[in-house]
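# Per-entry structural report
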Amino acid sequence: MIEVENLSKTYSGVHAVRNISFHVNKGEIVGFLGPNGAGKSTTMKVLAGYLPPTDGKIRIAGYDVITESLEVRKRIGYMPENVPLYTDMRVNEFLRFRAELKKVARRRIKDRVETVKELCHLKDVGSKIIGTLSKGYRQRVGLADAMVHDPDLLILDEPTIGLDPNQIRSVRDLIRDLGKHHTILLSTHILSEVELTCGRVLVIHRGRIEASDTPANLTRLVRGGGSILLEVKAPSADVVARIQPLPNIEDVEIVLPGTGDWTVAKIFAKPGVDVREDIFGVVRQNNWPLRELARVKATLEEAFVELTQD
Ligand SMILES: Nc1ncnc2c1ncn2[C@@H]1O[C@H](COP(=O)(O)OP(=O)(O)O)[C@@H](O)[C@H]1O
Ligand SMILES: [Mg+2]
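Remember, predicted model here, so these are calculated numbers, not experimental data.

### Focus: the pairing of strand E8 (residues 183-187)
Among the five residues of E8, five are classified as buried, and the element is accordingly described as predominantly covered. The two faces of E8 match: Thr-183, Leu-185 and Ser-187 on one face and Ile-184 and Leu-186 on the other face are all buried. Note that strand E3 (residues 29-33) and E8 share four bridges and pair parallel. Bridge pairing in E8 links Val-30 to Leu-185. Bridge count between strand E7 (residues 153-157) and E8: five bridges; the pairing is parallel. Directly across from Asp-157, in E8, lies its bridge partner Ser-187. Crossover connection from E7 via helix H6 (residues 165-178) to parallel E8: handedness right-handed.

### What to know about the site of ligand 1
Taken together, Tyr-11, Ala-16, Pro-35, Asn-36, Gly-37, Ala-38, Gly-39, Lys-40, Ser-41 and Thr-42 are the residues near ligand 1. At 2.8 Å, a side-chain N or O of Lys-40 approaches an oxygen atom of ligand 1. Here an oxygen atom of ligand 1 and a side-chain polar atom of Thr-42 are 2.5 Å apart. Its free accessible area being 560 Å², ligand 1 has 61% of it covered by the protein chains. The biggest single contributor to the shell around ligand 1 is helix H1 (residues 40-47), with three residues. Across the shell around ligand 1, the residue classes break down as four nonpolar, five polar and one charged.

### So, the coordination of the magnesium ion (ligand 2)
For the magnesium ion (ligand 2), the full set of protein donor atoms is Ser-41 (OG) and Glu-81 (OE), and the range of their distances to it is 2.0 to 2.5 Å. Pair noted here: Ser-41 is in helix H1 and Glu-81 is in the loop between strand E6 (76-79) and helix H3 (91-101), with a separation of 40 residues, a long-range link. Classification of Ser-41 as buried rests on a relative accessible area of 15%.

### Remarks on the pattern of salt bridges
Following the criterion strictly, the structure yields 17 salt bridges and no others. Salt-bridge contacts for Asp-274 lead to Arg-276; the nearest nitrogen and oxygen are separated by 2.7 Å. Of the residues examined, Arg-276 reaches a relative accessible area of 28% and is grouped as partly exposed. Across the salt bridge formed by Asp-274 and Arg-295, the nearest N and O atoms sit 4.0 Å from each other. On the criterion of sequence distance, the pair formed by Asp-274 in the loop between strand E13 (262-269) and helix H10 (276-285) and Arg-295 in strand E14 (residues 290-297) is long-range, its members being 21 residues apart. By relative accessible area, which is 43% here, Asp-274 ends up partly exposed. Three or more residues are tied together by salt bridges with common partners; here these are Glu-114, Lys-117, Glu-118 and Lys-123.

Reading guide: rules and limits
- Residues numbered from 1 in each chain as written.
- Chains lettered and ligands numbered in written order.
- Predicted model: local features only at pLDDT ≥ 70, side-chain atom pairs only at ≥ 80, totals over all residues.
- Heavy atoms only, no water.
- Buried < 20%, exposed > 50% of the residue type's maximum accessible area, 1.4 Å probe, protein only.
- Helix = DSSP H or I, 4+ residues; strand = E, 2+ residues; numbered from the N terminus.
- Pairing = 2+ DSSP bridges.
- Right-handed = clockwise from strand over helix to strand, strands pointing away.
- Near = heavy atom within 4 Å.
- Polar contact = N/O pair within 3.5 Å; in protein donor to acceptor, adjacent residues only side chain to side chain.
- Areas by Shrake-Rupley, 256 points an atom, 1.4 Å probe, with all protein chains shown as cover.
- Nonpolar A, V, L, I, M, F, W, Y, C, P; charged D, E, K, R; others polar.
- Donors = N, O, S within 2.8 Å, 3.2 Å for Na, K, Ca; no water.
- Salt bridge = Lys/Arg side-chain N within 4 Å of Asp/Glu carboxyl O.

The values reported here are purely geometric and, on their own, carry no functional implication.
What follows is the structure, given as structure tokens:
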């Protein structure tokens, strides 16, 4: 559905995107992750045909973004970072207006507007002025706008930005629903949402793609896939001194230092090695009272930090 080859975008000397290549297949929901300034919005604007690339080739559903831009626009629903809504229009009026702009056939407009209102849970606010709606509703109006011409592909730039946890959850459920019939590329900073929604993640950093994999595989890549959480009644310096020299230990991090009392430590081992028995041996030798010895899986957040820290 999306084919990007050697795409670069420079803004008067600023290299926002540097020679990136990636594919998104039909039916995928792909999370586009990266720190602020990484190049996510730039890439999405170029894909949506709102900015010309400086270099590279992009095809959407087989059509060239530059030479066949009309065909491409029919197939893309793009929701920009700051949804530009007409705040003094009513929701119905706005969606009809947008459908006309996007050349939806006159006889289909009413039907399309009703369908997207239904999908985005906007039925009860159709006659409200957009400016009076809460942020969560406005975000859904933006999404309805992106979908009004029934595109195959949705490109959503931070669709959950500025929403509260309940609204985030509702937009997440909506995106999952939409993913049943659409291909979706979405950028976000809410990594727990990505783990629940996206089959694949693209990580971009300083204009370059650093990773492209499933959330599960990315977390497996970081620090052997996880750590051991240990809580014992002992000074933290002793915990480090006794655990660090064990075989296969890569790092011991103190989470909460004990002042002669309890210490919480995160222990990283070589990939694939289970060091819990050795750690328990040390605990027993030292007669440390033990509260917890558990395996903790790496999170997507840890993978993100590892991939995008300088
Ligand atoms: N219109 C612009 N003019 C000049 N530089 C820009 C413009 N838009 C973005 N940039 C720069 O391009 C880089 C990538 O920005 P952007 O694509 O917005 O990143 P992201 O969406 O990942 O936060 C940043 O260094 C940003 O400052
Ligand atoms: Mg952005």
